[in-house]
Amino acid sequence: MYTTEGVILRTRNLGEADKIVTVYTNTRGKVAAVARGARRTRNRLLSVTQVFTCGRYLMFEGKSLDTLSQGEIIHSFQAIRDDLEKMASAMYVCELVDVFVEEEEANKETFDLLLNTLRLIEAGEGKFALRVFELKFMQQLGYQPQLDQCVNCGGPVEEQILFSREGGMVCGACRHKVNPIHVISKGTSALINRILEWDLSRLTILHPSNQSLEELEACMRSYIDYRLDKPMRSLEFINTLNDFPDSEVTS
Ligand SMILES: [Zn+2]
């Protein structure tokens, strides 16, 4: 038996009234647990096992799955579940954690990054917060993009700034050997450096241009796809939302 703080990354139904929850905990990393009766109305586990909820959970260890037997809400993130765009952003960060992190591999830094990113998404700051999350999360996993030398030949990077899907800058001589390539501005390159070097709390004072945000999004999309072996489900949802112009008025 153990108690842990965690964020519900994903849930799926089991039988008639149970749920299997994937929880990212601060002490044990990613844990899968059964929440018995959690889909029944008035069940005490109903609200604490909703996706994105941050709570304190009492778990029993099991052979393949643990059992989530009690929980209390620390932060419900209800405002995220009430808003399609915020929900899409939160689904994306939770899916990233779910696919990149192995079970039972705790990382306090990643836990704090996830929680703070959900707070920023809830506050409507998702656009920049997602880019910061992508870069810092890759850094924490040991996949920090290479910025000072060419990712292909190791040579110096010249004036024009080119970012490859293999995670770093490319020199002029290699630009046709590496595909696809994103041309980014000096401002975006400086932004990447700041995101990697500064703490999250300090980064919230920055207000990057739309151009930088779009360039960074394209680079990170391409880099993360390169690191993954299958497409992310939450991106389909985001793309569906983008097909409806009304979903863009919140920014
Ligand atoms: Zn090169």
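Our subject is the structure listed above.
For the structure given in this document, a descriptive report is provided here. (Residues numbered from 1 in each chain as written. Predicted model: local features only at pLDDT ≥ 70, side-chain atom pairs only at ≥ 80, totals over all residues. Heavy atoms only, no water.)

A few points about the pairing of strand β8 (residues 181-184)
Reasoning step 1: Side chains His182 and Ile184 of β8 all project onto a buried face; the interleaved residues Ile181 and Val183 project onto a face where none is buried.
Reasoning step 2: Across 4 bridges, strand β6 (residues 161-164) lies against β8 in antiparallel orientation. Counted as the bridge partner of Phe163 is His182 from β8. (Buried < 20%, exposed > 50% of the residue type's maximum accessible area, 1.4 Å probe, protein only. Helix = DSSP H or I, 4+ residues; strand = E, 2+ residues; numbered from the N terminus. Pairing = 2+ DSSP bridges.)

With respect to the coordination of the zinc ion
Reasoning step 1: At 2.3 Å from the zinc ion lie its protein donor atoms, namely Cys150 (SG), Cys153 (SG), Cys171 (SG) and Cys174 (SG).
Reasoning step 2: Coordination at the zinc ion is tetrahedral, judged from the 4 donor atoms that bind it and the angles of 106 to 114° they form at the metal.
Reasoning step 3: Ordering the donors of the zinc ion by residue number gives the pattern C-x2-C-x17-C-x2-C. Of the two residues, Cys153 sits in the loop between α4 (126-140) and β6 while Cys174 sits in the loop between β7 (168-170) and β8, which places them 21 residues apart along the sequence.
Reasoning step 4: Of the residues examined, Cys153 reaches a relative accessible area of 47% and is grouped as partly exposed. (Donors = N, O, S within 2.8 Å, 3.2 Å for Na, K, Ca; no water. Tetrahedral: all angles 85-135°; square planar, octahedral: opposite > 155°, others 65-115°.)

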